Amino acid sequence: MESPKTSATKSALNFGTMLGLVLMIISLIIFVFEMYEAKWLSYISYIILIVGIIMGIKRRRDQERGGVISYGQSLGYGTLVAFFAGLIGAIVLFMYLKFVDDGFIQYNIELQEAQMYEAGLPDEQIEQSMMWTKKFSNPTFYSVMGLVANVFFGFIISLIASAFLKKEPDNFDDTE
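Residue numbers restart at each chain and count upward from 1, following the sequence in its written direction. In keeping with the predicted nature of the model, local features appear solely for residues at pLDDT of at least 70, side-chain atom pairs appear and are counted solely at 80 or more, and the whole-chain, interface and lining totals rest on all residues. Here the side-chain values reflect all heavy atoms present in the structure, with hydrogen atoms and water set aside.

Engineer: Explanation requested: the overall build of the protein in the structure shown.
Structural biologist: Secondary structure counts use DSSP, requiring at least four H or I residues in a row for a helix and at least two E residues in a row for a strand, with both numbered from the N terminus. Helix and strand content of the protein: six helices and zero strands. If you list the helices and strands of the protein from N to C, you get α-α-α-α-α-α. Here the C-alpha atoms of the protein give a radius of gyration of 21 Å, more than 25% beyond the 16 Å that 2.2 N^0.38 yields for 176 residues. Taking all 176 residues of the protein together, 35% fall into the buried category. Here a residue-residue contact requires only that any non-hydrogen atoms of the pair lie within 4.5 Å. In the protein, the share of contacts with a sequence separation of at least 24, taken over all contacts with a separation of at least 6, comes to 79%. For the protein, the exposed surface amounts to about 11000 Å²; the carbon and sulfur share of it is 65%. Where the 13 positive side-chain charges of the protein centre and where its 18 negative ones centre are 11 Å apart. Radius of gyration: C-alpha atoms only; globule rule: 2.2 Å multiplied by the number of residues to the exponent 0.38. To sort residues, take the accessible area from a 1.4 Å probe on protein chains only and compare it with the maximum for the residue type: under 20% means buried, over 50% means exposed, and anything in between is partly exposed. In these tables, accessible area is a Shrake-Rupley quantity obtained with a 1.4 Å probe, and a residue counts as shielded only by the protein chains included in the view. By the counting scheme adopted, Arg and Lys are positive, Glu and Asp are negative, and His together with the chain ends is not counted. Charge placement uses NZ in Lys and CZ in Arg. For Asp and Glu, CG and CD serve respectively.

Engineer: In this structure, what is going on with the packing of helix H4 (residues 103-118) against helix H5 (residues 123-136)? I would like to understand it.
Structural biologist: The relative placement of two packed helices comes down to the angle between their axes together with the axis-to-axis distance. Put simply, H4 and H5 touch, their axes get as near as 10 Å, and they point 160 degrees apart. In terms of axis orientation, H4 runs roughly antiparallel to H5. Seen along the crossing, H4 lies across H5 with a hand that is right-handed. Contacts from Ile109, Gln112, Glu113, Met116 and Tyr117 of H4 reach H5 at Asp123, Ile126, Ser129, Met130, Thr133 and Lys134. Axis lines are fitted through C-alpha atoms, for helices just across the contact stretch, and the angle between N-to-C directions can take any value from 0 to 180 degrees. Oblique is the label for any angle not covered by the other classes, which are roughly parallel (under 35 degrees), roughly antiparallel (over 145) and roughly perpendicular (65 to 115). Throughout, a crossing is termed right-handed when the near helix is turned clockwise from the far one, and left-handed when it is turned anticlockwise from it by less than a right angle.

Engineer: What's the story with the packing of aromatic side chains in this structure? I'm lost.
Structural biologist: In this analysis, rings of Phe, Tyr and Trp, with Trp reduced to its six-membered ring, are considered paired at centre separations within 6.5 Å, and the interplanar angle assigns stacked below 30 degrees, edge-to-face beyond 60, and tilted for intermediate values. One pass over the full model with this rule turns up 13 aromatic pairs. For the cation-ring pair, lysine 135 lies above tryptophan 132, with the distance from its terminal atom to the ring centre recorded as 4.6 Å. By the criterion adopted, a ring carries a charge over it if an Arg CZ or a Lys NZ lies within 6 Å of its centre and within 35 degrees of its normal.

Engineer: Looking at this structure, how should I read the nonpolar core?
Structural biologist: Across soluble globular proteins, nonpolar side chains show a tendency to be buried alongside one another. Nonpolar cores were defined as sets of buried Ala, Val, Leu, Ile, Met, Phe, Trp, Tyr and Cys residues, with membership established by side-chain atoms within 4.5 Å. Core analysis: the biggest nonpolar cluster contains 16 residues, and Phe31, Leu97, Phe104 and Tyr142 have the highest contact counts within it. For this core, the secondary-structure elements that each account for two or more residues are helix H1 (8-32), helix H3 (71-100), H4 and H5. Considering each element in turn, this core owes the most residues, four residues, to H4. Contacts of tyrosine 142, omitting those with residues within four sequence positions, involve Leu93, Leu97, Phe104, Ile105, Asn108 and Ser137.

Engineer: Could you clarify how one ought to interpret the pattern of salt bridges in this entry?
Structural biologist: Side-chain pairing between opposite charges can occur once the charged atoms of the two side chains come close. By salt bridge we mean one thing: a side-chain nitrogen of Lys or Arg within 4 Å of a carboxyl oxygen of Asp or Glu. Following the criterion strictly, the structure yields four salt bridges and no others. With a closest N to O distance of 2.9 Å, arginine 59 and glutamate 64 form a salt bridge. Given a relative accessible area of 24%, arginine 59 falls into the partly exposed group. Between glutamate 64 and arginine 60 there is a salt bridge, with its nearest N and O atoms 2.6 Å apart. With a gap of four residues between them, glutamate 64 and arginine 60 both fall in helix H2 (residues 39-64), about one helical turn apart.

Engineer: How should I be thinking about the side chain of arginine 61 in this particular structure?
Structural biologist: Here arginine 61 lies in helix H2. According to the relative accessible area criterion, arginine 61 is buried, its value standing at 11%. Separated by 2.7 Å, the side chains of arginine 61 and aspartate 62 make a polar contact. Those residues within four positions of arginine 61 in sequence are excluded, and the remaining contacts are Gly66, Gly67, Val68, Ile69, Leu165 and Lys167. For the purposes of these results, a polar contact is taken to be a pair of N or O atoms within 3.5 Å, where, inside protein, one atom must be able to donate a hydrogen and its partner to accept one; residues adjacent in sequence count only when each atom of the pair is a side-chain atom.

Engineer: Sorry, what's going on with unusual backbone geometry here?
Structural biologist: Backbone phi values are negative for most residues with the exception of glycine, while trans is the configuration of most peptide bonds. Notably, glutamate 34 is not glycine yet its phi reads approximately 50 degrees, a positive angle. Structurally, the position occupied by glutamate 34 is in the loop between H1 and H2. The exposure class assigned to glutamate 34 is exposed, which follows from its relative accessible area of 52%.

The quantities given are spatial measurements derived from coordinates; they are silent on function.
Written out as structure tokens, the structure reads:
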């Protein structure tokens, strides 16, 4: 069963940190090379998140819990892994946007303004929308939203993965 030395939180922190570092490398590639519109990099990030959560749950079940994990334990662990991976990403994103380069923020502001003009919105409405866009376009907002999105998607992934990875203990006794 579960080793007293390895709590679910500590295990998820370790695995989530490794997953977060891999996702951080992809994020830095996107920001440094300004590949904001490269959808394939986003897809790779989602695939890595999915595979990372599945591997983490499977590792927890097989190596730390003796091959047994309930649906709820699996769901909680997968979500916790996603939280820690997202936390690493949020910290790195904040530091990058705040201290290194805010080009991503400027890109999003300009993109939203162009989309409003293309939609044919009145100038007053565009001006007011841009005021709110600029108010929320800061490193803190992007970091918090990134963390929330990571935990949300991690929860959804864990919901599905847990249905396949759960393994309840065999409660049948062979002796009569």
